[in-house]
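Structural characterization, general
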Amino acid sequence: MASIINVNLPQQSYEIAIAPSSLDKLGEQMTGLELGKKVLLVSNPTILKHFGERAIASLKAAGFEVTTCILPAGERYKTLNSVQKIYDTALENRLERSSTMVALGGGVIGDMTGFAAATWLRGINFVQVPTTLLSMVDAAIGGKTGVNHPQGKNLIGAFHQPRLVLIDPEVLKTLPMREFRAGMAEVIKYGVIWDAKLFTEMEQSKRLDQHRYVKAELIDSILTHSCQAKAEVVSKDEREAGLRAILNYGHTIGHAVESLTGYRVVNHGEAVAIGMVAAGQIAVELEMWQKTESDRQDALIKKAGLPTQLPEGLNIEEIIETLQTDKKVKDGKVRFVLPTEIGVVTVTDQVPSDVIREVLVKMQPTPSNPPD
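These numbers come from a predicted model, not from an experiment.

**As for the packing of aromatic side chains**
- Applying the stated criterion across every chain, the model contains 1 aromatic pair.
- Note on Tyr87 and Trp120: the rings are 5.6 Å apart at their centroids and 25° apart in plane angle, and the pair reads as stacked. In this pair, Tyr87 is assigned in helix H3 (residues 80–92) and Trp120 in the loop between helix H4 (107–119) and strand E6 (125–130), connecting sequence segments 33 residues apart.
- Given the relative accessible area of 15%, Trp120 is considered buried.
- Just above the ring of Phe64 sits the side chain of Lys37; from NZ or CZ to the centre is 5.9 Å.

Structural data, given as structure tokens:
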């Protein structure tokens with residue numbers, strides 16, 4: 001099933017094209033965008049091995065001159081050093097203002113390539129070809145680009161919208177199980193913040209923890225509903241002046257967990273799952289959300305094979321302290337996205353530290369309650 005979702009923006013609107021085998025039509029899709037001939041394809045070794053040949057062949061067949069920049073895989077390489085390598089390759093191959101950087105990979109590759117494109121020659125074209133579920137439904141859409149600072153996640157970045165997001169659902173077949181689950185965390189997020197119908201659809205699926213157990217129709221629905229939700233939110237608030245902040249549901253505590261574990265213990269989706277459980281419990285404690293709905297959310301997170309407890313050894317006070325370095329802090333107050341019903345959330349900075357502490361203490365693993 002092929003579908004086109006439009007991201008309507010004042011400056012530069014673009015399409016999210018979702019279709020099986022669309023990777024082989026990448027060059028053809030880019031031809032209509034009036035781009036320059038030079039393309040720099042950025043990827044990591046694993047993704048390049050799986051899909052590089054097809055993407056490059058498609059670009060060359062459409063008349064593009066292609067060079068590649070290969071970066072190591074993993075969140076801990078999402079640094080200015082990696083971006084420097086993209087700049088070096090861009091300079092070596094004389095990329096011009098009309099040239100295009102193509103991100104072939106997951107969220108890390110997409111974020112770094114987008115940031116490089118935003119800053120090279122003060123901004124050049126950029127195309128997203130996401131290869132993970134997480135990047136398909138979230139990271140590749142919306143123009144947020146950036147890298148991590150040693151003190152916090154995504155503290156260095158820019159808004160730079162892609163010219164095209166090309167999604168080929170078939171590439172998910174090669175996705176490792178843990179990465180598929182990580183993507184499901186962001187899908188569950190959309191269900192809680194925006195789309196109660198998607199949430200119910202996932203509840204009706206027997207399993208969500210592995211690609212092979214999820215029906216193709218549900219995968220199609222997950223991709224189209226999630227991309228539509230992100231497109232609608234971004235179209236209404238491109239630069240996170242208000243509404244777009246709801247996309248950070250689960251990310252406030254999630255980012256702190258990622259940062260404090262050095263991006264090595266939990267991946268982004270697992271951290272978001274932990275953050276959603278915490279946010280849900282906070283909302284219940286503040287009597288904003290029914291416990292029955294919080295339980296439904298946590299059951300869905302477990303069904304997707306995602307953690308619902310903190311990793312071992314994390315210091316609660318350190319988590320609370322790290323929240324202060326979050327990008328969403330305003331006037332020294334941490335802003336939380338909290339659900340009020342399935343499909344509806346609100347943003348508040350009125351969350352007492354003792355409530356956060358109480359919830360996090362309950363989420364600590366104990367000998368009788370080992371981590372998921």
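**Comments concerning the packing of helix H10 (residues 268–285) against helix H11 (residues 291–303)**
- Put simply, H10 and H11 touch, their axes get as near as 9 Å, and they point 170° apart. The angle between H10 and H11 places the two elements in the roughly antiparallel class. Taken together, the residues of H11 that come into contact with H10 (itself represented by Ala273, Met276, Val277, Gly280, Gln281 and Val284) are Lys291, Ser294, Gln297, Asp298 and Ile301.
- Considered class by class, the residues forming the contact of H10 with H11 number 5 nonpolar, 4 polar and 2 charged.

**Some thoughts on the side chain of Thr131**
- When you line up the elements, Thr131 lands in the loop between E6 and helix H5 (133–139).
- Once you skip the residues sitting within four places of it in the chain, Thr131 turns out to touch Ile47, Phe51, Leu104, Gly105, Gly106, Met136, Val171, Leu172 and Leu175.

**Some thoughts on the UniProt feature "domain: 3-dehydroquinate synthase N-terminal" (unreviewed entry) in the protein**
- The sites that carry the UniProt feature "domain: 3-dehydroquinate synthase N-terminal" (unreviewed entry) are, in the present numbering, residues 69–181.
- Here residues 69–181 runs as 34% helix and 28% strand, with 28 Å between its end C-alpha atoms.

**Let's talk about helix H9 (residues 251–260)**
- With 9 of 10 residues buried, H9 is to be regarded as a mostly interior element.
- Each element contacted by the buried residues of H9 is listed here: strand E8 (152–159), helix H6 (177–193), H10, helix H12 (316–322), strand E10 (336–341) and helix H13 (353–362).
- Gly262 lies just past H9 and shows a positive phi near 65°.

**Let's talk about the packing of H6 against helix H8 (residues 216–236)**
- Remark: H6 packs on H8, axes separated minimally by 10 Å, with the N-to-C direction vectors making an angle of 55°. Taken together, the axes of H6 and H8 are oblique relative to one another. The hand of the H6/H8 crossing is left-handed. For the pair H6 and H8, contact is made by Phe180, Met184, Val187 and Tyr190 and by Ile219, Ile222, Ser226, Ala229 and Lys230, respectively.

**Describing the pairing of strand E7 (residues 144–149)**
- Looking at chain direction, E7 and E8 are connected through 5 bridges and run antiparallel. Residue pairing in the sheet places Val147 in a bridge with Ile156 of E8.
- What sits between the antiparallel neighbours E7 and E8 is a turn of 2 residues.

**Regarding the side chain of Gln161**
- Relative to the assigned elements, Gln161 resides in the loop between E8 and strand E9 (164–167).
- For Gln161, a relative accessible area of 9% translates into the label buried.
- One polar contact links Gln161 to Tyr14, side chain to side chain, over a distance of 2.9 Å.
- In this structure the side chain of Gln161 is engaged in a polar contact, spanning 3.3 Å, whose partner is the side chain of Glu238.
- Apart from residues no more than four positions distant in its own chain, Gln161 is found in contact with Leu9, Gln12, Tyr14, Phe126, Gly142, Gly143, Val234 and Glu238.

**Some remarks on the pattern of salt bridges**
- Taken as a whole and judged by the stated rule, the model has 20 salt bridges.
- Residue Glu203 pairs with Arg296 through a salt bridge whose shortest N-O separation is 2.8 Å. With Glu203 in helix H7 (residues 196–203) and Arg296 in helix H11, the pair connects residues that are 93 residues apart, well separated along the chain.
- Among the salt bridges present, the one from Asp209 reaches Arg207, with a minimum N-O distance of 3.0 Å.

**Quick notes on unusual backbone geometry**
- If you check the backbone angles, Ser21 has positive phi at about 65° while not being a glycine.
- Along the chain, Ser21 falls in the loop between strand E2 (14–18) and helix H1 (26–31).
- Overall, the relative accessible area of 26% leaves Ser21 in the partly exposed class.
- With phi around 55°, Asn154 is a residue other than glycine that occupies positive phi space.
- Here Asn154 lies in strand E8.

Parameters and conventions
- Residue positions are given per chain, counted from 1 along the sequence in the order it is written.
- With pLDDT at 70 or above as the cut-off, local features in this predicted model cover only qualifying residues; side-chain atom pairs require 80 or more to be listed or tallied, and sums for whole chains, interfaces and linings still use all residues.
- With hydrogens and water set aside, each side-chain value is computed from the structure's full complement of heavy atoms.
- Two rings from Phe, Tyr or Trp (for Trp, the six-membered ring) form a pair when their centres sit within 6.5 Å of each other. Planes less than 30 degrees apart are called stacked, planes more than 60 degrees apart edge-to-face, and all others tilted.
- Helix and strand assignments come from DSSP, with helices taken as H or I runs of at least 4 residues and strands as E runs of at least 2, each series counted from the N terminus.
- For every residue, the accessible area (1.4 Å probe, protein chains only) is compared with the maximum for its type, and the residue is labelled buried under 20%, exposed over 50%, or partly exposed between those bounds.
- Should the NZ of a Lys or the CZ of an Arg lie within 6 Å of a ring centre and within 35 degrees of the ring normal, that charge is described as sitting over the ring.
- Lines fitted to the C-alpha atoms define the axes, with helices restricted to the stretch that makes contact. Angles between their N-to-C directions range from 0 to 180 degrees.
- Orientation is classified from the angle alone, with under 35 degrees giving roughly parallel, over 145 giving roughly antiparallel, 65 to 115 giving roughly perpendicular, and any other angle giving oblique.
- Note on contacts: a residue pair is in contact if any heavy atoms of the two residues lie within 4.5 Å.
- Here the term charged refers only to Asp, Glu, Lys and Arg, the term nonpolar to Ala, Val, Leu, Ile, Met, Phe, Trp, Tyr, Cys and Pro, and the term polar to all other amino acids, Gly among them.
- UniProt positions are given in the numbering used here, feature names are shortened, and annotations may be inferred rather than shown by experiment.
- We call a crossing left-handed when the near helix sits turned anticlockwise from the far one by less than a right angle, and right-handed when that turn is clockwise.
- Each pair of strands is called paired provided DSSP finds at least two bridges between the two strands.
- Polar contacts, as used here, are pairs of N or O atoms within 3.5 Å; protein pairs need one atom able to donate a hydrogen and one able to accept it. Residues neighboring in sequence count only if both atoms are side-chain atoms.
- Basic side-chain nitrogens of Lys or Arg form a salt bridge, by our definition, when they fall within 4 Å of a carboxyl oxygen of Asp or Glu.

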